[in-house]
Amino acid sequence: MKQEEKLAMKAISMCFRPYLKPEEAYIYTNLERTRFQTRCEEFGIYKNAAGYYKREDLDEMMSGAPSRLLEKAKQIKT
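It should be emphasised that the depicted structure is a prediction, and the values quoted were computed from it without experimental measurement.

Thoughts on the nonpolar core
Thought 1: Counting 12 residues, the largest nonpolar core consists of Met14, Leu20, Ala25, Tyr26, Leu31, Phe36, Cys40, Phe43, Ile45, Tyr53, Leu58 and Met61.
Thought 2: For this core, the secondary-structure elements that each account for two or more residues are helix 2 (22–29), helix 3 (33–43) and helix 4 (55–62).
Thought 3: No other element matches helix 3, which puts 3 residues into this core.
Thought 4: Apart from residues lying up to four places away in sequence, Met14 is in contact with Leu20, Glu24, Ile27, Tyr28 and Arg55.

Focus: helix 4
Thought 1: For helix 4, the set of buried residues is Arg55, Leu58 and Met61. The buried residues of helix 4 all sit within an arc of 115 degrees when viewed along its axis, so they share a single face.
Thought 2: Looking one or two residues beyond helix 4, the residue adopting positive phi is Gly64, at roughly 95 degrees.

Observations regarding the packing of helix 2 against helix 4
Thought 1: Between helix 2 and helix 4, whose axes approach to 11 Å, the crossing angle comes to 30 degrees. In this view, helix 2 runs roughly parallel relative to helix 4, as classed from their interaxial angle. Judged by the sense of rotation from one axis to the other, the crossing of helix 2 with helix 4 is right-handed. Residue-level contacts link Ala25, Tyr28 and Thr29 of helix 2 to Arg55, Leu58, Asp59, Met61 and Met62 of helix 4.
Thought 2: Partitioned by chemical class, the residues of the contact of helix 2 with helix 4 number 5 nonpolar, 1 polar and 2 charged.

So, how was this worked out
Residues numbered from 1 in each chain as written. Predicted model: local features only at pLDDT ≥ 70, side-chain atom pairs only at ≥ 80, totals over all residues. Heavy atoms only, no water. Core = buried A, V, L, I, M, F, W, Y, C linked by side-chain atoms within 4.5 Å. Buried < 20%, exposed > 50% of the residue type's maximum accessible area, 1.4 Å probe, protein only. Helix = DSSP H or I, 4+ residues; strand = E, 2+ residues; numbered from the N terminus. Contact = heavy atoms within 4.5 Å. Arc of directions from axis to C-beta. Axes fitted to C-alpha atoms, helices over the stretch in contact; angles between N-to-C directions. Parallel < 35°, antiparallel > 145°, perpendicular 65-115°, else oblique. Left-handed = near helix turned anticlockwise from the far one by under 90°. Nonpolar A, V, L, I, M, F, W, Y, C, P; charged D, E, K, R; others polar.

See below:
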């Protein structure tokens, strides 16, 4: 098996895992560490006790929808 095939198989398997390690989450979202952490703070996404991110939360963050925290802040201001 070639190195490229192994890499492709790992990338595909990440899409089906319910929880991702931080390094996998960076790859999954295609964001660098600093930008990833900023986006997670905006959306209120944190690691669980085992140190993993929930893939469903990452999907919501990457969907392009506005942050729930920012939307609530706008509601409070008005």
